[in-house]
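Structural overview for review
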Amino acid sequence: MNSRNLKLNSQLQRYLVYGLLAIVLSLVQFSLLNFVAVQGITPDLLLILCVWISIREGRFAGTVAGFLIGLTLDIVSFDLVGINAFTKTIAGFVAGSFHKEGKEMMILHGLKFLLIVFISSFIHNLIYFFFYIKLSNLTFLSFFMKYGVAFSFYTTVFAIIPMLVKRKERII
């Protein structure tokens, strides 16, 4: 019974840390990332967190985290209501498909994490921007390259940071 309580406390602490990280990353996302924008493209730090949670905790937790993070974004931003909740939920579900019990840390510290971030971001961005873009003004190729590939690549580049930070903690 005591080990069960310890496991529950540990899990609760991780969820609280995820919540705090989401708040901090939201502040960074809205205030600082415009300084690193390239052609209007910024990385999606909250999507990286959503993928991290999905791989660490599993598909269900990642899906719920994606929904909560997206809903929070919908409330504080002036986006189309529900679009962030919808797309981040899908991203959490997709990333959670790569969850392997007992191998979470190996995935989070390897190149597979970056691949999962790219795939999740790509799907997220295509769905998200589909609702904003008049497809008649863009060719499919330009839409695909900018909103599918470029946004996803830039988010993936920023996903290297938590991967290396966690790796450094593990070494010390």
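Described in the following lines is the structure provided in the data block. Here the residue index of a chain counts from 1 through its sequence in written order. Where totals are concerned, whole chains, interfaces and linings use all residues; where local detail is concerned, this predicted model gives features only for residues with pLDDT of at least 70, and gives and counts side-chain atom pairs only at 80 or more. For the side-chain quantities, the full set of heavy atoms in the structure was used; hydrogens and water were omitted.

1. Focus on the packing of aromatic side chains
A ring pair, where both rings are aromatic, is described by two values, the distance of the centres and the angle of the planes. Heads up, the rule is: Side-chain rings of Phe, Tyr and Trp, where Trp is taken by its six-membered ring, are said to pair if the distance between their centres is within 6.5 Å; with planes under 30 degrees apart they count as stacked, over 60 as edge-to-face, and otherwise as tilted. To qualify as a helix, a DSSP run of H or I must reach at least 4 residues; to qualify as a strand, a run of E must reach at least 2; elements of each kind are numbered from the N terminus. For the exposure calls, accessible area comes from a 1.4 Å probe over protein chains only, and a residue counts as buried if that area is under 20% of its type's maximum, exposed if over 50%, partly exposed in between.
Evaluated as defined, the whole model comprises seven aromatic pairs. Consider the rings of phenylalanine 118 and phenylalanine 122, whose centres lie 6.2 Å apart with planes at 20°: the pair is stacked. Taken together, the residues span about one helical turn, with phenylalanine 118 and phenylalanine 122 both in helix H6 (residues 111–130) at a distance of four residues. By relative accessible area, which is 19% here, phenylalanine 122 ends up buried. Taking the centre distance of 4.8 Å and the plane angle of 40° together, the rings of phenylalanine 129 and phenylalanine 151 count as tilted. Here phenylalanine 129, found in helix H6, pairs with phenylalanine 151, found in helix H7 (residues 140–158); they are 22 residues apart in sequence, far enough to count as distant.

2. Looking at the nonpolar core
Test applied: In these notes, a set of buried Ala, Val, Leu, Ile, Met, Phe, Trp, Tyr and Cys residues joined through side-chain atoms within 4.5 Å is what counts as a nonpolar core. Throughout, a contact is declared for two residues whenever any of their heavy atoms are within 4.5 Å.
Among the nonpolar cores identified, the biggest contains 35 residues, and Ile48, Leu49, Val51, Ile55, Phe113 and Phe129 are the most heavily contacted of them. Contributing elements (two or more residues each) for this core: helix H1 (2–31), helix H2 (45–57), helix H3 (59–76), helix H4 (83–96), helix H5 (104–108), H6 and H7. If one sorts the elements of this core by residue count, H2 sits on top with nine residues. Setting aside anything within four residues of it in sequence, one finds leucine 49 in contact with Tyr18, Leu21, Ala22, Leu25 and Ile69.

3. So, the pattern of salt bridges
Keep this limit in mind: Each reported salt bridge corresponds to a side-chain nitrogen of Lys or Arg within 4 Å of a carboxyl oxygen of Asp or Glu.
Throughout the structure, instances matching the rule amount to two salt bridges. Among the salt bridges present, the one from arginine 14 reaches glutamate 57, with a minimum N-O distance of 2.7 Å. Linking arginine 14 in helix H1 with glutamate 57 in helix H2, this pair joins segments that are 43 residues apart in sequence. You can call glutamate 57 buried: its relative accessible area is 16%.

Purely geometric stuff here, so don't read any function into it on its own.
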